[in-house]
Structures are given as C-alpha cells and as structure tokens.
Amino acid sequence: MAVAGRLWIAGGWRAELSVNGAARTEEADFERGHHLLCRMAEFGAQQAGRELGEPVLRSFDDLATNSPAALLHCLSGLGQEGEAARREWRRAFELDPRMAAPRSGLAAMLLQQGQAEAAAGLLAGVGLSDGFAAAELGLGLWAAGEVALSFELLQAAVKANPQNGLALAALAAQLARRAGGGEPDEQHEALDEAQLLATQATQLAGDDYRTWAALADVHRARGDFSQAGFFYGVALRLAPEAPALLKDAGANWLQARQAKQALPLIKQAIAAAPQDAENLGNLAFAHILLGDPQAALEAARRAAKLGPHHARLRILHGDLALRAGKKEEALEAWARAAEL
C-alpha cells in the first residue's frame, strides 16, 4: 500500500494524504487541527478498506490545542522513542499545559521509570478522551498505589471504550474494594455495578487472569468467600505465580476462616513476593486459626521486621507477644506502632 502525506501551516492547517493513488486535501483553523487529523485518518482507513472505531476517533480530542507549535511538537514525539520523544512532549507541554496528549505521554514515561507520584501529579485534573491511554495509565497507577487517580482514569477508559476488558476488570475490582465504606444500599449498588463490569470483562478478555480475579474480588466483597475462591482458582490456573493474586486468594480463605485452604496459597505468595510483609501477616493469622501461637508469633515478628512502617503488623506482633507472655516485647511493638 502506497501512502504519502504532508501537514503544513498556511494561514491555518493544510493537510494532504494520498493512499494508493487516491488523494485528499483538508484545511482547518489552528484550534481545529485535531479534527483535521481525525478526518485524514478516517480517509486513510477507508482507502485501506477499514473503518476507525469510535474509541480511536475520540482519541484525537487529546490533541486539541490553540498552539500550532504545540501540536507539531506533540506529533513529532509520537513518531519517536525514548529521550527524543520526551523532549518533544516536554516542549509541547510547555507551549500548551492544557493539552492532554503530551501530558499522558510524559506520564507513561514516568510510570515506566517507577515515578508514579510524579506521573499522577502530571495527570491530575486532566480529562483524557483517549480510552487506550486512560486504561494503560489507570492500570499502571493502580499497580503503583495511586488509587484515587487510577479510578478516575479507568472510569474515563470504560466510558471511551466499553469493550476494553482489562479496564472493565480493574474498575470492577476498585469498585468492590471501595464499597466497604458506604451505606448498605450504596454498597449493594456499587457491588452490583462491579459484578456487571467484572462479568463483562471475563466475556471480553477471559484469557487474562485479571478479569477472573476482579470477579473474585466482587464476590469476596459480598462475603461469598466460596464463590470468590472458585474464581480466584480460575485466575490462578491462568497465572499460577502472580504475587498479588496469590495474596488475595489466600486472604479470601482467611476471611472465610478456612486456614487449611489459605496456608498453601500464603506460602506460595511469600515465595513469589518475599519482600511483601503483608504475606507474613497473613501467615501469622493462618497459624492463629490453626491453633499454633508460637508459629504465629514468629511470623508476626518477621512481618514487623520486613514492614517496619506497617502499624497494623506492629500491633499484631504486640498482641501475639502478649499472648505468649512476652510483655516487654509486646510493649515495644505497640510503642513502635504508636510512632507511625
């Protein structure tokens, strides 16, 4: 397929695109450059015998700007990688801080570098029309612990593209986890919505363990631990070594007070994520349910040492130390918890 195109400034925007000999020319005022690009993309797709879906067409709105230079720098960044792309998007951001596309591009780079807080700051107050970018950023921020902004982005992603199974699953899981703080009627409504989203997610992306894990999260939030355990099992068959999944599956059986089912999962979670102190806290709870206070205390000690800034683990350590008659150890653990 032969494709050639040009974009230039002549009192406004002008664009030419030729696809397999069929040509089209478009003009637009500077503030409607993103619409011009959208029309040219539609033309190119049509000449190739394809049709751009609504989510793709909506994504062009993130290129909206009154600054021709900002749009040119942003487009230049889209055609490059690494530091070259970062420079172009940074310049576009400087020229028009309200433009969404360079912000999302820079934020994605920051997330890849492990700078989730900086990425969240860059995206705060920015409404993304690009559902694909919103989903990617929402999932990344959720994994990094930036839950509030992640929730907003996932809502935007699902609104822009209701067929994105992973965005649906992540939004369902967040709704399930947020439902515990509301009134009973609000909780019920939120969990109904979460279950609908998670069910749709399994239909759209049933080969991804995260969709089944989200459905399990919803049932766990409802207190239906048996059904949650079933869906965690489906997810584990797809991803048997996923650390967060192992932790959630084990915690589910702990909540059901089924320590024998929880213990193997907790041990697998510890092996998969040895630096996650919460897994050792779960191990302590499992040993409590199994009637082994000494093993529970040892696990709590390890949890508190590994997670010195987790007040809940410090308190657990203190409680178990007191039960074992170790008053001084208990007082020290509680004192450290009080400092947090």
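The structure reproduced in this document is the subject of the present report. (Residues numbered from 1 in each chain as written. Predicted model: local features only at pLDDT ≥ 70, side-chain atom pairs only at ≥ 80, totals over all residues. Heavy atoms only, no water.)

### Section: the overall build of the chain
Reasoning step 1: Counting its secondary structure elements, the chain contains 18 helices and 3 strands.
Reasoning step 2: Since a compact globule built from 340 residues should have a radius of gyration of about 20 Å, the 25 Å found for the chain marks it as more spread out than a globular shape.
Reasoning step 3: The burial tally for the chain puts 47% of its 340 residues in the buried class.
Reasoning step 4: Side chains of the chain carry 33 positive and 41 negative charges; the gap between the two charge centres is 6 Å. (Helix = DSSP H or I, 4+ residues; strand = E, 2+ residues; numbered from the N terminus. Rg over C-alpha atoms; globule rule 2.2 N^0.38 Å. Buried < 20%, exposed > 50% of the residue type's maximum accessible area, 1.4 Å probe, protein only. Lys, Arg positive; Asp, Glu negative; His and termini not counted. Charge placed at Lys NZ, Arg CZ, Asp CG, Glu CD.)

### Side note on the environment of A144
Reasoning step 1: Looking at where A144 falls in the secondary structure, it is placed in the loop between α7 (131-143) and α8 (147-160).
Reasoning step 2: Along the sequence, A144 and A23 sit 121 residues apart, while their C-alpha atoms lie 46 Å from each other.

### A closer look at unusual backbone geometry
Reasoning step 1: For R257, which is not a glycine, the phi torsion comes out positive at approximately 60 degrees.
Reasoning step 2: You can see R257 is positioned in the loop between α13 (243-255) and α14 (259-272).

### Observations concerning the pairing of strand β3 (residues 22-28)
Reasoning step 1: Taken together, the 7 bridges between strand β2 (residues 13-19) and β3 define a ladder with antiparallel strand orientation. Each residue of the ladder has a partner; that of S18, found in β3, is A23. (Pairing = 2+ DSSP bridges.)

### So, the nonpolar core
Reasoning step 1: L63, L137 and L141 are the most contacted members of the largest nonpolar core, which has 102 residues in total.
Reasoning step 2: Take this core: its biggest share by element is 9 residues, from helix α9 (residues 165-178).
Reasoning step 3: Filtering out sequence-adjacent residues up to four positions away, L141 remains in contact with L111, A116, A119, A120, L123, E146, L149, S150 and L153. (Core = buried A, V, L, I, M, F, W, Y, C linked by side-chain atoms within 4.5 Å. Contact = heavy atoms within 4.5 Å.)

### Some points on the pairing of β2
Reasoning step 1: Judged by which residues are buried, β2 turns out to be one-sided: W13, A15, L17 and V19 face inward and are buried, whereas R14, E16 and S18, on the alternate face, are not.
Reasoning step 2: Strand direction decides the pairing type here: strand β1 (residues 3-9) and β2, joined by 7 bridges, are antiparallel. Among the inter-strand pairings, L7 is bridged to a residue of β2, identified as A15.
Reasoning step 3: In this structure, the hairpin formed by β1 and β2 is closed by a connection of 3 residues, where G11 is found at a positive phi of approximately 75 degrees.
Reasoning step 4: Counting the residues between successive antiparallel strands, the hairpin from β2 to β3 contains 2 residues, one of them, N20, with a positive phi of roughly 55 degrees.

### Thoughts on the sheet that holds β1
Each strand in a sheet pairs with another by means of backbone hydrogen bonds, the pair being arranged parallel or else antiparallel.
Reasoning step 1: Ordered in space as β1-β2-β3, the 3 strands form an open sheet in which the pairing is antiparallel. Looking along the sheet, the strands with just one partner apiece sit at the ends: β1 and β3. For this sheet, the mean angle separating the axes of adjacent strands, direction not counted, is 10 degrees.
Reasoning step 2: Packed on one face of the sheet, helix α1 (residues 33-47) meets β1, β2 and β3 and runs near 170 degrees to β3.
Reasoning step 3: Contacts from helix α3 (residues 68-78) reach β1 and β2 within the one sheet, and its direction differs from that of β1 by about 150 degrees. (Axes fitted to C-alpha atoms, helices over the stretch in contact; angles between N-to-C directions.)

### Observations regarding the side chain of N279
Reasoning step 1: In this fold, N279 is placed in helix α15 (residues 277-289).
Reasoning step 2: Residue N279 is classed as buried on the basis of its relative accessible area, which comes to 2%.
Reasoning step 3: A distance of 3.4 Å separates a polar atom in the side chain of N279 from the backbone oxygen of A269.
Reasoning step 4: With residues near it in sequence (within four places) discarded, N279 still touches K247, I266, A269, I270 and A273. (Polar contact = N/O pair within 3.5 Å; in protein donor to acceptor, adjacent residues only side chain to side chain.)

### As for helix α10 (residues 184-204)
Reasoning step 1: End to end, α10 covers 30 Å across 21 residues, agreeing with the expected 30 Å (1.5 Å per residue, within 8%).
Reasoning step 2: Residues of α10 that are buried: A190, L191, A194, L197, A198, A201 and T202. Along α10, the residues classed as buried sweep out an arc of 135 degrees about the axis, all on the same side. Exposed residues on α10 whose side chains face more than 90 degrees from its buried face are D185, E189, L196 and Q203. (Expected span 1.5 Å × (residues − 1). Arc of directions from axis to C-beta.)

### Focus on the pattern of salt bridges
Reasoning step 1: Scanning the entire structure with this criterion turns up 18 salt bridges.
Reasoning step 2: Here E27 and R14 are joined by a salt bridge, their closest N and O atoms 2.2 Å apart. Remark: R14 occurs in strand β2 and E27 occurs in strand β3; sequence separation between them is 13 residues.
Reasoning step 3: The residue R336 makes a salt bridge to E332 at a minimum N-O spacing of 2.9 Å. (Salt bridge = Lys/Arg side-chain N within 4 Å of Asp/Glu carboxyl O.)

### Notes on the packing of helix α5 (residues 100-112) against helix α6 (residues 116-123)
Reasoning step 1: Packing of α5 against α6 leaves a shortest axis separation of 8 Å and a crossing angle of 170 degrees. By the angle between their axes, α5 is roughly antiparallel relative to α6. Residues R103, S104, L106, A107, L110 and L111 of α5 form the contact with α6, whose participating residues are A116, A118, A119, L122 and L123.
Reasoning step 2: Of the residues contributing to the contact of α5 with α6, the split by class is 9 nonpolar, 1 polar and 1 charged. (Parallel < 35°, antiparallel > 145°, perpendicular 65-115°, else oblique. Nonpolar A, V, L, I, M, F, W, Y, C, P; charged D, E, K, R; others polar.)

### Some remarks on the state of the cysteines
Simply put, disulfide is the name for a covalent bond between the sulfur atoms of two cysteines.
Reasoning step 1: This structure, assessed with the given rule, holds 0 disulfides.
Reasoning step 2: Sulfur of C38: no disulfide; nearest cysteine sulfur belongs to C74 and is 15 Å away.
Reasoning step 3: Residue classification places C38 among the buried residues on the basis of a relative accessible area of 13%.
Reasoning step 4: Under the relative-accessibility criterion, C74 is labelled buried at 0%. (Disulfide = S-S within 2.5 Å.)

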